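Take a look at the letters that make up each chain.
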Number of protein chains: 4
Amino acid sequence: MIIVLKAHATQEQAEKLLAMIESKGLEPLYLPGEERTVLGALGDERKLGELHLENHPDVDTVKQILSPYKKVSRELHPEDTVVNVDGTRFSEEGFVVIAGPCAVESEQQIQTVAKGIKERGANLLRGGIFKPRTSPYSFQGLGLDGLEMFSQAASSNQLGTVTEVTDVEEVAQLDGKVSMFQIGARNMQNFRLLKAVGQTKTPVLLKRGMSAKINELLLAAEYIVDNGNEQVVLCERGIRTYETATRNTLDLNAVALMKQKSHLPVVVDPSHGTGVRELIIPMSKAAVAAGADGIIVEVHPDPTIALSDAHQQLSLDQFGDLMRQIEPFVKAAGRTLR
Amino acid sequence: MIIVLKAHATQEQAEKLLAMIESKGLEPLYLPGEERTVLGALGDERKLGELHLENHPDVDTVKQILSPYKKVSRELHPEDTVVNVDGTRFSEEGFVVIAGPCAVESEQQIQTVAKGIKERGANLLRGGIFKPRTSPYSFQGLGLDGLEMFSQAASSNQLGTVTEVTDVEEVAQLDGKVSMFQIGARNMQNFRLLKAVGQTKTPVLLKRGMSAKINELLLAAEYIVDNGNEQVVLCERGIRTYETATRNTLDLNAVALMKQKSHLPVVVDPSHGTGVRELIIPMSKAAVAAGADGIIVEVHPDPTIALSDAHQQLSLDQFGDLMRQIEPFVKAAGRTLR
Amino acid sequence: MIIVLKAHATQEQAEKLLAMIESKGLEPLYLPGEERTVLGALGDERKLGELHLENHPDVDTVKQILSPYKKVSRELHPEDTVVNVDGTRFSEEGFVVIAGPCAVESEQQIQTVAKGIKERGANLLRGGIFKPRTSPYSFQGLGLDGLEMFSQAASSNQLGTVTEVTDVEEVAQLDGKVSMFQIGARNMQNFRLLKAVGQTKTPVLLKRGMSAKINELLLAAEYIVDNGNEQVVLCERGIRTYETATRNTLDLNAVALMKQKSHLPVVVDPSHGTGVRELIIPMSKAAVAAGADGIIVEVHPDPTIALSDAHQQLSLDQFGDLMRQIEPFVKAAGRTLR
Amino acid sequence: MIIVLKAHATQEQAEKLLAMIESKGLEPLYLPGEERTVLGALGDERKLGELHLENHPDVDTVKQILSPYKKVSRELHPEDTVVNVDGTRFSEEGFVVIAGPCAVESEQQIQTVAKGIKERGANLLRGGIFKPRTSPYSFQGLGLDGLEMFSQAASSNQLGTVTEVTDVEEVAQLDGKVSMFQIGARNMQNFRLLKAVGQTKTPVLLKRGMSAKINELLLAAEYIVDNGNEQVVLCERGIRTYETATRNTLDLNAVALMKQKSHLPVVVDPSHGTGVRELIIPMSKAAVAAGADGIIVEVHPDPTIALSDAHQQLSLDQFGDLMRQIEPFVKAAGRTLR
């Protein structure tokens, strides 16, 4: 860690800081300059966290040299982590397609979707069971009644299942009953929830928060891995920017960067990432080309009557189109579908 | 609601949509134009939510005419709501100062702060008991042990208490034991939590999410009020922008706008809103002038050893300075301190 | 146009507004509602601009029904515009690669690059002649001396040329001497400059401003087309967001959306769009897949000694890699290189 | 400057970099660590710019220790610069009010405004003469015809004048004919224009770009000062964020921060900073309290018929209100109006 002192800092003040660094087992360095004094701390700088040097009144700025995350970093773990969800592998060979409705709405709806996406080549079925919503006046999900319909639809079509968990209690209720947990964008920094899924053996799809930095997403993944669960898939789902023509700005830079910085698989959610049905297919292709290991898309038997997020759900026909259109790009990427 | 159809939409398609509008009890309007057909729906357009017209394949865009929130709007409730927290009133006469450490760290720490801020004119004591943190390696709060220290420090100094709740269980544990709940920025759209505090009689300080729009904050407040608790104070605490010289961008436009749109009190958090200790005093003055009903600031007996957020905590001396420096602006606003 | 009146507006006030609408030749509509009155204006709403209804004290909000741009819109001009730059065609068949250094630095530098990129399959040579820079202490470009070197290098390698113009005077100086003008991100709304290039017959590469909305870019293109020059290529080059891991956030949503909204070709600048050399190749592939008609990349014979933007320039070897790696994706898109 | 090498960098590569640093006259430092090697460069690091170390393939990141600007920094120039515009002083004693229409539209309009704002206490008259506009269909300003009307109106009311210059030619045309140049947000990084005004003796009001960082604004000011003109006033006018309830987000953090970092005066533009007429008065008060040295507001005799920006212009009555309402805050700040 590099510590730049304020202009007024004296040598005595610098020495106090150097002693603090040494007390944590790091090698301190003293670099007086003409305009500013700079200190260094060599060693495992993550141990310096408790000193909060950035808050010290004599300190101007600090610069970390190592990344704040460790276990999810490719530096110490160069090979790709393969995440295995009931036999579906997130890896460099395949390209995983997760599809399904925003919310499970009825037995017929979820059966139709499950059968339809399976026939068209999807790997995993997604569906919301609990739907905490922005407006108090909106549909809130079927709850545990929906779970039964959801599991039934998936198993009768040989599909693994992905569903969102929004609090610790739901993790306990659903563990063992779904193939993969999803942590939604709003909960990316719900650390109690991250800890709970980290203590299970169920793979986790971790979505980037709407205004989360890439480093923050990786740190949230670190939290899960650090609690014992290494089966984590990162998900880029669009960030909030000033642009209003699309609901979010899909950040494919983040996909390419995270594949380089981390060994975890990365998938893309073009439904939320655009919020515009007509953009889902082109952005799915772009996700493949940027190096993603899969996509997660919203599919509904009749989007015009969907109880939530209808604007961005595909019909089964449109989903079939999507699968046909991404195929040449999946091949160009040296991967295969299904 | 105004519904603009896509260029290709036929009259027949328009008529289907008009029938849907009528079925919800609104008056439908048909406005064919040269390039586009426009439909109208007159009446309580909140009832149209379930139709999800924005998702209909023949619909280009929709425009709501009424605000999406109702109970927190000044349109139907022109007079200011006064929120009363153990005798401290958030109203147009006073200017409420909430102060205290980011986290309760020890009995001595919280006693020193409570006594110090009381002497300098604060109204309420804040302090974190549970501290879910970004990094798995950081201090996580004292939990219920901290609650006892916190309540003791407050009561022995005749101060009401404000603490954050981060899940439904904490609401149950803390209800009746603190004077005011805080909903943090990360939980502004945790609807289960909003519902839980909405069902208590404890006043709520609702912080704006880091990338939440003003409308979304008002809708989150609506959620609480709709569940039965009208004692809600809105809090502007800075939004995430591209600027990196400050931790967040304090949006005082939002303060002035929310005072006009809503009857709820509004306070400002200049500590998180800037992330820079030297900016807390000028931005507190600016908050007063923009029309805020109070501020919430982080104060620590020794910020250099604070276990969290040290960069933005004031010492007691600095807090004394703050109180002295805002006083003439509080008077200029026609308000009084304490 | 739909005009929502303020809650207090009377029928008399509404009638005055209706008369104003009628005076402009549009059909006025009066839609009184329970809580709000809404007015409509049917016809060519672009004529209403002068009325500035959005500023009228009785008006709450207005909603345009038609897009603010016209000539660049696909609605009235469904077929793709093909832009022809000295024989290089921006169209749905090919995929155009523009390459070259940030700035022309010396005869040897530009000759090496021109030869190198030609051999590896590029279509057009880019290079900055005038380089207005952020810091007064930075390299400012060679000026007209550079032009000669640049043209020579291009013509001896049968490459067309693209260079940035930053004011009206430069347009006059360079017209006829380069194959294509580039309008940089900082000048996207320099209307005098847009007018100047609009009055030439030289094709224009128009870059999106760092914080420009898609609609604003299309409106800037409209400005050029409206002045008589229809040979405009739009360029997505990344927008400024809160993310700091990359220099900009490349917005490929914008590429897919602009291809749907407009008939003009769209290219992508992955060099500025990421600011990170390692991301240029994956994001070039993603650009192809999102539907772009080409890319513009920075290439330098020795990026380590480049006088500007070295962080994001590719060496010739890296550029060769880029060409090899995008090829399968270009084929998957049904296009061909060169 | 601190230079962090990539993980793979060898000692030999480090030594090459150290030699480069030494060649520029700075003292090189070699700090090998367990996971990364760090280099230091002590001395005037602004000289290292040409080395572009951030682009070197062995370099991961660099951290500047000194601010990138020098002459506008308070570090080397602790006392406030007083800017004098025809006798109106931007200093810590007064609070300067600049008012006038977005554009000069007619003799009668500008005379009415000039007289009206003078009577109500303004110090300087603003008005646009050239108005490059977003849409090709909008009013473009009266040009030099407007200048005569503008100067006449100002001088007959003993007001200094402020007008925007948008290119080098206008600087020559207007120099000596107006009291202060304004550089608009779109031209904040138009370096040729900055140089041109830097070579005059006319004071400059420099507006922050819509997505410019504070550091970039200070660097643009440095550009002007470096060319010889020290009479520069910085202007915060709102930044572009994801929030849509206001046209821009007024960043008063920036005002407080720039007053601490720089010795130049800072003013606020609440008209553009909010884009909402009803917010201009509260945000003007907030600007005073945040430490601004003045404001610049748009005033029009009849905003409902203004040819541009009508939504955010005040009538003369509203301007009178503004002056009355800010007065107690100006006094609280220890300043005086007029």
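For every chain, the first residue of the written sequence is number 1, and numbering continues from 1 along that sequence. As a convention, the first chain written is A and the first ligand written is 1, with the rest following in written order. Reporting of local features is limited, given that this is a predicted model, to residues whose pLDDT is at least 70; pairs of side-chain atoms are given and counted only at 80 or more, and all residues count toward the totals for whole chains, interfaces and linings. Side-chain numbers come from the whole structure's heavy atoms, not from hydrogens or water.

Caption draft 1: Structural detail: helix H7 (residues 252-261) of chain D. Within H7 of chain D, 8 of the 10 residues are buried, which leaves it mostly tucked inside the rest of the structure. By the burial criterion, the buried members of H7 of chain D are Leu252, Asn253, Ala254, Val255, Ala256, Leu257, Met258 and Lys259 of chain D. Accessibility here uses a 1.4 Å probe with only protein chains present; expressed as a share of the type maximum, an area under 20% marks a residue as buried, one over 50% as exposed, and anything in between as partly exposed. By definition, any uninterrupted DSSP run of H or I lasting at least four residues is a helix, any uninterrupted run of E lasting at least two residues is a strand, and each is numbered from the N terminus.

Caption draft 2: Broad picture of empty space enclosed by the protein. Whether a set of points on the 1 Å grid over the protein atoms alone is a cavity depends on a 1.4 Å probe fitting there but being unable to get out, while an open set qualifies as a pocket with protein on both sides within 12 Å along at least five of seven lines; lining residues are those with an atom within 4 Å of a point. Grid points are joined across faces, edges and corners, and a volume is the space filled by probe spheres set on the points. Considering all chains together, one arrives at 10 cavities of 30 Å³ or more under this definition. In this structure, the largest cavity is lined by 16 residues; those nearest its centre are Thr241 and Tyr242 of chain B, Thr241 of chain C together with Thr241 and Tyr242 of chain D. Class assignment of the residues belonging to the lining of the largest cavity gives a composition of 4 nonpolar, 8 polar and 4 charged. In this structure, the second largest cavity occupies an estimated 90 Å³ of space. Lining the second largest cavity we find Gly33, Glu34, Glu35, Arg36 and Val38 of chain A together with Met1, Ala41, Leu42, Gly43, Glu45, Ile65 and Leu66 of chain D. Charged means Asp, Glu, Lys or Arg here, nonpolar means Ala, Val, Leu, Ile, Met, Phe, Trp, Tyr, Cys or Pro, and polar covers whatever is left, Gly included.

Caption draft 3: Main features of the sheet that holds strand S1 (residues 2-5) of chain A. All names here are of chain A. Any two strands with at least two DSSP-identified bridges between them are counted as paired. Taken together, 4 strands build an open sheet; the order of strands is S2-S3-S1-S4 and the sheet is antiparallel. Single-partner strands in this sheet number two, and they are strand S2 (27-32) and strand S4 (59-63). Averaged over all pairs of adjacent strands, the angle between their axes in this sheet comes to 20°, without regard to strand direction. Relative to strand S3 (residues 37-42), S1 runs antiparallel, the two being bridged by 3 bridges. Along S3, the bridge assignment pairs Ile2 with Gly40. Strands S1, S2, S3 and S4 of the sheet are contacted by helix H1 (residues 11-23), whose axis makes an angle of about 160° with S2. To define axes, lines are fitted to C-alpha atoms, for helices over the stretch in contact only, and angles between the resulting N-to-C directions are given on a 0 to 180 degree scale. Any two residues whose heavy atoms approach within 4.5 Å are treated as being in contact.

Caption draft 4: Representation of the packing of aromatic side chains in the model. The criterion for an aromatic pair is that two Phe, Tyr or Trp rings (for Trp, the six-membered ring) have centres within 6.5 Å, with stacked assigned to planes under 30 degrees apart, edge-to-face to planes over 60 apart and tilted to the rest. Scanning the entire structure with this criterion turns up 4 aromatic pairs over all chains. Measuring from ring centre to ring centre gives 4.9 Å for Phe191 of chain B and Tyr223 of chain B, while their planes differ by 40°; the resulting arrangement is tilted. Of the two residues, Phe191 of chain B sits in helix H5 (residues 191-198) while Tyr223 of chain B sits in helix H6 (residues 214-226), which places them 32 residues apart along the sequence. For the pair Phe191 of chain B and Tyr223 of chain B, a shared accessibility class is recorded, and that class is buried. In this scheme, the term charge over a ring applies when either NZ of a lysine or CZ of an arginine sits within 6 Å of the ring centre and within 35 degrees of the ring normal. In this structure, Arg192 of chain D packs its charged tip against the face of Phe130 of chain C, placed 5.9 Å from the ring centre.

Caption draft 5: The arrangement of the nonpolar core in detail. Counting residues in each nonpolar core, the largest one holds 156 residues, and the members touching the most others are Leu206 and Leu252 of chain A together with Leu206 and Leu252 of chain C. Contact partners of Leu206 of chain A, with chain neighbours within four places excluded, come to Ile183, Met188, Leu194, Leu217, Ala220, Ala221, Ile224, Val232, Val233, Leu234 and Cys235 of chain A. Formed by 155 residues, the second largest nonpolar core is a distinct cluster that contains Leu264 of chain B together with Val97, Ile117 and Leu194 of chain D. Nonpolar core, defined: a set of buried Ala, Val, Leu, Ile, Met, Phe, Trp, Tyr and Cys residues in which side-chain atoms within 4.5 Å join the residues together.

Caption draft 6: Geometry of the interface of chain A and chain C. Contacts between the two partners involve 38 residues from chain A, matched on the other side by 38 residues from chain C. Carbon and sulfur atoms supply 65% of the area that chain A and chain C bury against each other, a total of about 2900 Å² over both sides. Together, Tyr242, Asn253 and Phe329 of chain A form the three largest contributors to the area buried by chain A at its contact with chain C, with a combined 24%. Within this document, salt bridges are pairs made up of a side-chain nitrogen of Lys or Arg and a carboxyl oxygen of Asp or Glu, the two lying within 4 Å of each other. If you look at where chain A meets chain C, you find 2 salt bridges. Put simply, Glu243 of chain A and Arg208 of chain C hold a salt bridge, and the shortest N to O gap is 2.7 Å. Pairs of N or O atoms are called polar contacts if they sit within 3.5 Å, as long as, within protein, a hydrogen donor faces a hydrogen acceptor (for residues adjacent in sequence, only side-chain-to-side-chain pairs). Along the contact surface separating chain A from chain C lie 12 residue pairs in polar contact (both at pLDDT 80 or more). Elements represented by at least two residues in the side of chain A that touches chain C include exactly helix H7 (252-261), helix H8 (270-274), helix H9 (280-290) and helix H10 (316-332) of chain A. Tallying contributions element by element places H9 of chain A first for the side of chain A that touches chain C, with 6 residues. Looking at side-chain class alone, the side of chain A that touches chain C contains 20 nonpolar, 11 polar and 7 charged residues. Accessible-area loss on putting two parts together, using a 1.4 Å probe and summing over both, is the definition of buried area adopted here.

Caption draft 7: Main features of the relation of the copies chain A and chain C. When the copies are overlaid, the least-squares fit takes in C-alpha atoms only where the residue has pLDDT of at least 70 in both copies. Once chain A has been moved 0.0 Å along the axis and rotated by 180°, it coincides with chain C to within an RMSD of 0.0 Å. Considering both components of the superposition, the chain copies are consistent with a two-fold axis. Taking C-alpha positions as the reference, the residue of chain A nearest the rotation axis is Ala286 of chain A, at 2.2 Å.

Caption draft 8: Spatial organisation of the pattern of salt bridges. According to the stated counting rule, one finds 77 salt bridges over all chains in the structure shown. Between Glu236 of chain B and Arg208 of chain B there is a salt bridge; the shortest N-O distance is 2.7 Å. Taken as a pair, Glu236 of chain B in strand S12 (residues 232-236) and Arg208 of chain B in the loop between strand S11 (204-207) and H6 lie far apart in primary sequence, 28 residues in all. Taken as a pair, Glu236 of chain B and Arg208 of chain B share a single burial class, namely buried. Here the salt bridges share partners, and the residues they tie into one network are Arg208, Glu236 and Asp251 of chain A together with Glu243 of chain C.

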